[in-house]
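Here are the chains, one letter per residue:
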There are 2 protein chains.
Amino acid sequence: MSQDVVWSPRRSTIARDTAELESIIAVDIGGSLAKLVFFAMDSKKLVFETVETEKIALFMRMIHDIIDNHYQGSQSNVRIVATGGGAYKFHDLLCQEFPDVIEIARLDEMECLIKGLDYFIHEVPEEVFTYNDLEGEHKVVPEHAKVYPYMLVNIGSGVSILKVDSPAKFTRVGGSSLGGGTLWGLLSLITGAKTYDEMLSWAHGGDNTHVDMLVGDIYGSNYGKIGLKSTHIASSFGKVFQRTAPTQKDLATHSHTIANGTDDIQLRNRKFNNSDISKSLLYAISNNIGQIAYLQAKIHNIPNIYFGGSYIRGHLMTMNTLSYAINFWSNGEKQAFFLKHEGYLGAMGAFLTFQNKNDDLGDERRS
Amino acid sequence: MSQDVVWSPRRSTIARDTAELESIIAVDIGGSLAKLVFFAMDSKKLVFETVETEKIALFMRMIHDIIDNHYQGSQSNVRIVATGGGAYKFHDLLCQEFPDVIEIARLDEMECLIKGLDYFIHEVPEEVFTYNDLEGEHKVVPEHAKVYPYMLVNIGSGVSILKVDSPAKFTRVGGSSLGGGTLWGLLSLITGAKTYDEMLSWAHGGDNTHVDMLVGDIYGSNYGKIGLKSTHIASSFGKVFQRTAPTQKDLATHSHTIANGTDDIQLRNRKFNNSDISKSLLYAISNNIGQIAYLQAKIHNIPNIYFGGSYIRGHLMTMNTLSYAINFWSNGEKQAFFLKHEGYLGAMGAFLTFQNKNDDLGDERRS
């Protein structure tokens, strides 16, 4: 099944104590990706799967397959727990497809994100890490006393930013429409790329300075007075705009001869390649998210920022850019954290809500 | 000369008292556009001109023409006052072209922006206005006592955000690489547009909901719990990403028949038109700048935000989007202001620095 999934699926597993597990299939259906989590009895592990939301029929078939292979084909042994916008948009479809399940529950997206993240932070070993290109990856064991408050920046098709004061207290403080959907949408329009992996591999080999306008391109040097280095990106894609040549009339009305004028008119025909474009846009979107996350963390006086969502997918360049942005803007005062299962916060939270029958929040949160 | 200028030049005029005027040509050479201001003796008005920075030879010819037509062809009567990154990058070229001028002075970009803006706010009638689509344009006479502190968001190729406490006290608090250069660069890559006017006219007729993913596209309704309307843009360009079709293997391994499944696979062949794309990107960039400006204004507790720079060029959709973003994020607590001569803050500030011989700051600010 891996082959057809544009965002190649990550089948991750986490060992769990079967005693506490129900026959639950948790789904988190977002704008671009549908994620699911279930417990595989045979391997005694949690299984995580992802498929594009536009392949919703395929996603339904995946759930049927799971019921066939893990629950003896009997819907009546299964509870489907759904979150994300698709829990509402596709509720009728879920009811049609799975008429005999115990229940098709709908859970609030933000509550599930936080519940899932809290679980990953506190319960899963080697889940949380810091990353930047210079220092590499460092596993982190968050100290319980210092976890709250934190900020969650969840990057899917768009971006949601949540301030979390405790497992039960959080606020959506902001967001951005410039997220994963923007990166893939623009890149597929420009490059014709068919898969996200193709774009990421292009970005890896690219040189963004062929398309980005740097401070040095404008100043010819650093802009020392305000501390901007010559290599700082002043304008993403600032070198690209192509113009028409001057008309004969323009040339006639300006008849001075210039001995050493540098007219860059030939640049308009320069070609831009997919690698450079991919890297530039990855930088632009990631930097922008990092900056907005920093500004929100500053406003709310929060030191630690967790980045989740399927935008990241363990890609080092993306994580380095987010880390760099947080460090650059905060002068090292804020810290970016990443997660191994970054794309499954919502699905994991939905799964957990029904695990513990004694969890009062579980019932309250049902829609 | 208008015809060849991709960002069509605005030749604006402001009457001035000749007594206080020197023979000054002020230039502000940015990453994408070179602007100039000079005083035309014959009409007793200030003249404002713009040309692309990549046509730097043409810009030099424009200055030669001004000297020929307004200063009897004598460089020795003229002082050139330069700001923007190009004041440094093209300093040698200016010296070669104009070896006999009184001086080629270099002035700091941020200082000139503030000096120019202060002048436009305080001295030029009907310069400042508010705008949104519902209420239209309203001229504003800023009360002197309430002008400071304010924030200036200057949008050129990139974005600079300045906090201004008084004419002599300001700080560059932030910026963004997602500015005018990003909009034109990406749009010219995608649409092949040759002029900014072409893109703006396309944007005017477009429908961004053909390419943007709205909250309603994800939820099928409002996301009422967090107050996001179904028409809110969740992901800019979120509908665009095109994927490959599922393979035969995929279909074979998922053999369930789905009676009423909605597989949107046919959507991948949908065409996207230039108008929809232009409108979406104009919204995305403007919204993003508005959000970052709001967050900075919130951090620094500043109620009034002035938007300057050639990105805006009096375009109503752009101003409405910026105003909307400020109002949306601040719940009406912050106010966006615009300027008739928004693109000439730096050039105007450079011009003014040398107008008053008694202005102590003038000498201090020379580089």
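The coordinates are above.
Residues numbered from 1 in each chain as written. Chains lettered and ligands numbered in written order. Predicted model: local features only at pLDDT ≥ 70, side-chain atom pairs only at ≥ 80, totals over all residues. Heavy atoms only, no water.

### Some points on the nonpolar core
Within soluble globular proteins, side chains that are nonpolar generally end up buried alongside one another. So the rule is basically this: Residues grouped as a nonpolar core are buried Ala, Val, Leu, Ile, Met, Phe, Trp, Tyr and Cys residues, joined through side-chain atoms within 4.5 Å. The cut-offs for exposure are 20% and 50% of the maximum accessible area for each residue type, with area from a 1.4 Å probe on protein chains only; residues under the lower value are buried, those over the upper are exposed, and the others partly exposed. Put simply, DSSP marks the helices as runs of H or I at least four residues long and the strands as runs of E at least two long, and each gets a number from the N terminus on. Note on definitions: a residue-residue contact is assigned when non-hydrogen atoms from the two residues lie within 4.5 Å.
Counting 99 residues, the largest nonpolar core has Val153 and Phe307 of chain A together with Val153 and Phe307 of chain B as its most contacted members. In terms of residue count, the dominant contributor to this core is helix H9 (residues 274-299) of chain A (12 residues). In contact with Val153 of chain A, not counting residues within four places along its chain, are Val159, Ser160, Ile161, Ile289, Ala293, Ile305, Tyr306, Phe307 and Gly308 of chain A.

### Digging into the sheet that holds strand S8 (residues 136-139) of chain A
All names here are of chain A. We apply this condition: If DSSP finds at least two bridges between two strands, the strands pair. Note on method: axes are straight lines fitted to C-alpha atoms, helices fitted across the in-contact stretch only, with angles between N-to-C directions ranging 0 to 180 degrees.
An order of S8-S7-S15-S14-S9-S10-S11 is seen for the 7 strands of this open sheet, with the pairing classed as mixed. Across the chains shown, the open sheet's two edge strands, defined by having one partner strand only, are S8 and strand S11 (169-176). Each strand of the sheet is rotated relative to its neighbour by a mean of 30°, with strand direction disregarded. Here strand S7 (residues 128-132) runs beside strand S15 (residues 335-339); their pairing, made up of 2 bridges, is antiparallel. The residue bridging Val128 from the neighbouring strand is Leu339, located in S15. The sheet contacts of H9 involve strand S9 (150-155), strand S10 (159-166), S11 and strand S14 (304-308), and relative to S9 the element is tilted by about 155°.

### Describing the state of the cysteines
Applied cut-off: Cysteine sulfur pairs qualify as disulfides if the two atoms are within 2.5 Å.
Tallying each qualifying case throughout the model produces 0 disulfides over all chains. Cys95 of chain B provides the cysteine sulfur closest to Cys112 of chain B, a residue in no disulfide bond, and the two sulfurs are 17 Å apart.

### Thoughts on the pattern of salt bridges
Using the following cut-off: Criterion for a salt bridge: a side-chain nitrogen of Lys or Arg within 4 Å of a carboxyl oxygen of Asp or Glu.
According to the stated counting rule, one finds 14 salt bridges over all chains in the structure shown. Of the charged contacts in the structure, one is a salt bridge between Arg313 of chain A and Asp197 of chain A, with a shortest N-O distance of 3.2 Å. Here the residue Arg313 of chain A occupies a position in the loop between S14 and helix H10 (316-330), and Asp197 of chain A occupies one in helix H6 (residues 196-205), the gap between them amounting to 116 residues. We classify Arg313 of chain A as buried; its relative accessible area is 14%. Residue class for Asp197 of chain A comes out partly exposed when judged on its relative accessible area of 33%. Lys139 of chain B is the partner of Glu137 of chain B in a salt bridge, and the nearest nitrogen-oxygen pair spans 3.3 Å. Looking at Lys139 of chain B, the relative accessible area reads 38%, which means it is partly exposed.

### Some details on the packing of aromatic side chains
Rules: Only rings of Phe, Tyr and Trp enter the pairing, Trp through its six-membered ring, and a pair is recorded when the two centres are within 6.5 Å. The plane angle decides the type: under 30 degrees is stacked, over 60 is edge-to-face, the rest tilted.
According to the stated counting rule, one finds 26 aromatic pairs over all chains in the structure shown. Aromatic side chains Tyr150 of chain B and Tyr306 of chain B sit 5.1 Å apart centroid to centroid with 70° between the ring planes, which places their arrangement in the edge-to-face category. With Tyr150 of chain B in strand S9 (residues 150-155) and Tyr306 of chain B in strand S14 (residues 304-308), this residue pair connects regions lying 156 residues apart in the sequence. Accessibility expressed as a relative area gives 0% for Tyr150 of chain B, which makes it buried. Among the aromatic residues, those joined into a cluster by ring pairs are Phe48, Tyr119, Phe120 and Tyr344 of chain A.

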